[in-house]
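Structural overview for review
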Amino acid sequence: MNKKTSSIRLPFQFDRAMLPVIFSLAWPTMLEQFMQTAVQYIDTAMVGTLGTQATAAVGSTGTVNWLIESTISAIGIGFLYYISQSIGAGKILQAKKAAGQAVFSTILVGIFFTLLTCSCSHLVPVWMRVDPSIRDMAARYFLILYSPMLFRTMNIILGTVLRSAGDAKSPMIAGITMNVINIVLNFFLIYNTRSVHLGNWILTVPGAGWGIEGAAIASAIAYTCGGILIAWKLWHHDVVSPKGQSLRPDPQVLKPCLRVAFPNMLQRFATSLGYVAFASMINSLGELSTAAHTIANTVESAFYIPGWGMQTAAATLSGNARGAQDDERLHRLSSTIIPMEISLMLVSGGMLFVFAPVLMGIFTQDPQVLSLGSTVLRMVAVSEPFYGVPIVLEGMMQGLGKTMIPFVFNIIGMWGVRIVGTFICTQILGFGLIAAWGCMIAHNLLLFMLYIVLFSSGRWK
């Protein structure tokens, strides 16, 4: 029976009873994201000591990573929808079958992207309009980083399967393990053998001296270890272990998953392709803008952690509510999680605004890079609370299997505002990085307005 209420509902009816459930799903994802961001900070800081060219070479192809990983993530969203609703409806065997299909999809997609990225590694810096002086360096970094693509695919899809079953701790453990390995290997692979002073002691630390190639090798090994661990966690999971399930394609499971995943895949692919075009236009502005953009992006990523944690909780819980045919629970979820998200993003945006110069100073001592990066960070900090609403509502719609509207909204924002605006500002009018980030902020504000109208209408459900 569909559990509906005939009473008049206010737009927001904050339910304190839902807080423990939301945080139990959100905090492991937040911690995992925090660790990943911390490692990204350390990576960027370590590479930054090698000079502006090294920073630009590493960051110049970074948006291609968004393009690839976000496309793979969309497949995971299809399984999240199917498994979370199956569990909400009490259909555990159906959820296990979907986990087996997720393993099949992981192998297929992982092999495909391994062949694609490795074969195109020498072309990517050219497509990204990377400065010719650092193209070879950027191509070598890209090739090494994407060699273990199968294991990276395991991290993404199988981690999403675990989260859809309400287990956010296992992906967190795998993520932390992966990041610790990355940090330790960075320490030994990037730099030459050197002496470290510890009080009165002088310690000789061995080092390979491989520079940015060392950073890429450290990341590749860490991704491999993380993929193996997440697969082991899924295999031994109590609810969604694929043990005993067929790994052959099952149309009855794959069709509904792909129906949800396909619009999300198009959205993520088109949005990430927009990021590539955006970064390409910034790369064309020169080494200074590329370095400032790379570092500012790294800094900014830490301040979206509350948003992504809440999105994970929203997706899983909305799927459970829909599977149980409980519209009242869905309403209480939205009425609670959206105000929470706005509050968290207000705090993170305020901190970013205040500490922008300090955070930029972690990665660079170049006064021009520091000044330019601080300026754009303070600009985007003001828009963060607005961007929190689209993040969490999109998560809820993923759990409900409604991915077409987010696809349309994101295409309009990315290509109609950010890309067209940045092209006009940087390529025609000759403006710089500040104008480009202004277009990015306009994109975020448009998404906020579109999602607010959608939420107010009730059509998101």
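Residues numbered from 1 in each chain as written. Predicted model: local features only at pLDDT ≥ 70, side-chain atom pairs only at ≥ 80, totals over all residues. Heavy atoms only, no water.

As for the pairing of strand β2 (residues 201-208)
Both strand β1 (residues 192-198) and β2 contribute to a ladder of six bridges, which runs antiparallel. By the bridge assignment for β2, Arg194 is matched with Val205. Between β1 and β2, which pair antiparallel one after the other, the connecting turn spans two residues, and Gly199 there sits at a positive phi close to 65 degrees. (Pairing = 2+ DSSP bridges. Helix = DSSP H or I, 4+ residues; strand = E, 2+ residues; numbered from the N terminus.)

Observations concerning the environment of Gly458
Relative to the helices and strands, Gly458 is located in the segment after α16 (433-457). Separated by 204 residues in the primary sequence, Gly458 and Leu254 have C-alpha atoms spaced 29 Å apart.

Focus on the packing of helix α11 (residues 287-301) against helix α14 (residues 367-400)
At their nearest, the axes of α11 and α14 sit 9 Å apart, and the two run at 45 degrees to each other. Taken together, the axes of α11 and α14 lie oblique to each other. The way α11 lies across α14 gives a crossing that is right-handed. In this structure, α11 uses Leu288, Ser289, Ala291, Ala292, Ile295, Ala296, Val299 and Glu300 to contact α14, whose residues at the interface are Gln368, Val369, Leu372, Gly373, Val376, Leu377, Val380 and Glu384. The residue makeup of the contact of α11 with α14, split by class, is eleven nonpolar, three polar and two charged. (Axes fitted to C-alpha atoms, helices over the stretch in contact; angles between N-to-C directions. Parallel < 35°, antiparallel > 145°, perpendicular 65-115°, else oblique. Left-handed = near helix turned anticlockwise from the far one by under 90°. Contact = heavy atoms within 4.5 Å. Nonpolar A, V, L, I, M, F, W, Y, C, P; charged D, E, K, R; others polar.)

Examining the confidence of the model for the chain
The predicted model of the chain averages 86 in pLDDT, with 95% of residues at 70 or higher. Note on residues 1-10: pLDDT under 50 across the span, and 15 contacts to partners over four residues away in sequence or across chains. (pLDDT = per-residue confidence, 0-100.)

Here we look at the nonpolar core
Counting residues in each nonpolar core, the largest one holds 60 residues, and the members touching the most others are Ile22, Val299, Met310, Ile337, Leu352, Trp437 and Trp460. Mapped by element, the contributors of at least two residues to this core are α1 (19-48), α10 (251-283), α11, α12 (305-323), α13 (327-363), α14, α15 (404-428) and α16. Counting residues in hydrophobic clusters, the runner-up holds 56 residues, among them Val109, Val161, Leu254 and Val260. (Core = buried A, V, L, I, M, F, W, Y, C linked by side-chain atoms within 4.5 Å. Buried < 20%, exposed > 50% of the residue type's maximum accessible area, 1.4 Å probe, protein only.)

Section: the packing of aromatic side chains
Going through the model one piece at a time under the given rule, you end up with six aromatic pairs. For the pair Phe112 and Phe113, a centre-to-centre distance of 5.2 Å together with 80 degrees between the ring planes defines the contact as edge-to-face. Classification of Phe112 as partly exposed rests on a relative accessible area of 49%. Each ring, one from Tyr304 and one from Tyr387, has its centre 5.5 Å from the other, and the planes form 70 degrees; the classification is edge-to-face. With Tyr304 in the loop between α11 and α12 and Tyr387 in helix α14, this residue pair connects regions lying 83 residues apart in the sequence. Arg152 extends its terminal NZ or CZ atom over the ring of Tyr146, reaching a point 4.6 Å from the ring centre. (Phe/Tyr/Trp six-rings, centres within 6.5 Å; stacked < 30°, edge-to-face > 60°. Lys NZ or Arg CZ within 6 Å of the ring centre and 35° of its normal.)

A word on a nonpolar patch on the surface
On the surface, a cluster of nonpolar side chains totalling about 650 Å² of accessible area is made up of Val347, Met351, Phe353, Val354, Phe355, Val358 and Val382. Of the residues forming the nonpolar patch, the biggest block, six residues, is contributed by α13. Mapped onto the secondary structure, Val358 falls in helix α13. For Val358, a relative accessible area of 54% puts it in the exposed group. (Patch = residues over 30% accessible without salt bridge, like charges linked within 9 Å, V, L, I, M, F, W, Y side chains within 5 Å. Areas by Shrake-Rupley, 256 points an atom, 1.4 Å probe, with all protein chains shown as cover. Salt bridge = Lys/Arg side-chain N within 4 Å of Asp/Glu carboxyl O.)

Regarding unusual backbone geometry
A positive phi angle, close to 60 degrees, is found at Gln325, a residue other than glycine. Summarising the element assignment, Gln325 is placed in the loop between α12 and α13. Here Gln325 falls in the partly exposed class, since its relative accessible area comes to 37%.

What to know about the environment of Arg135
Along the chain, the position of Arg135 falls in helix α6 (residues 135-146). Between the alpha carbons of Arg135 and Leu123 there is a distance of 9.3 Å; along the sequence they are twelve residues apart. Other than its neighbours up to four places away in sequence, Arg135 contacts Pro125, Val126, Arg129 and Val130.

Examining the side chain of Ser280
Position of Ser280 relative to the elements: it lies in helix α10. Here Ser280 is in contact with Trp127, Met128 and Arg129, once residues within four sequence places are set aside.

With respect to the pattern of salt bridges
For the coordinates displayed, the defined rule picks out three salt bridges. Arg140 is the partner of Glu213 in a salt bridge, and the nearest nitrogen-oxygen pair spans 2.5 Å. With a gap of 73 residues between them, Glu213 in helix α9 (residues 211-235) and Arg140 in helix α6 connect regions that are remote in the sequence. The exposure class assigned to Arg140 is partly exposed, which follows from its relative accessible area of 40%. Note that Arg329 is salt-bridged to Asp326, the shortest N-O span being 3.7 Å.

As for helix α8 (residues 169-189)
Here α8 is 21 residues long and its end C-alpha atoms lie 30 Å apart, about the 30 Å a rise of 1.5 Å per residue gives. Among the residues making up α8, those that are buried are Ser170, Pro171, Met172, Ala174, Gly175, Met178, Asn179, Asn182, Asn186 and Leu189. (Expected span 1.5 Å × (residues − 1).)

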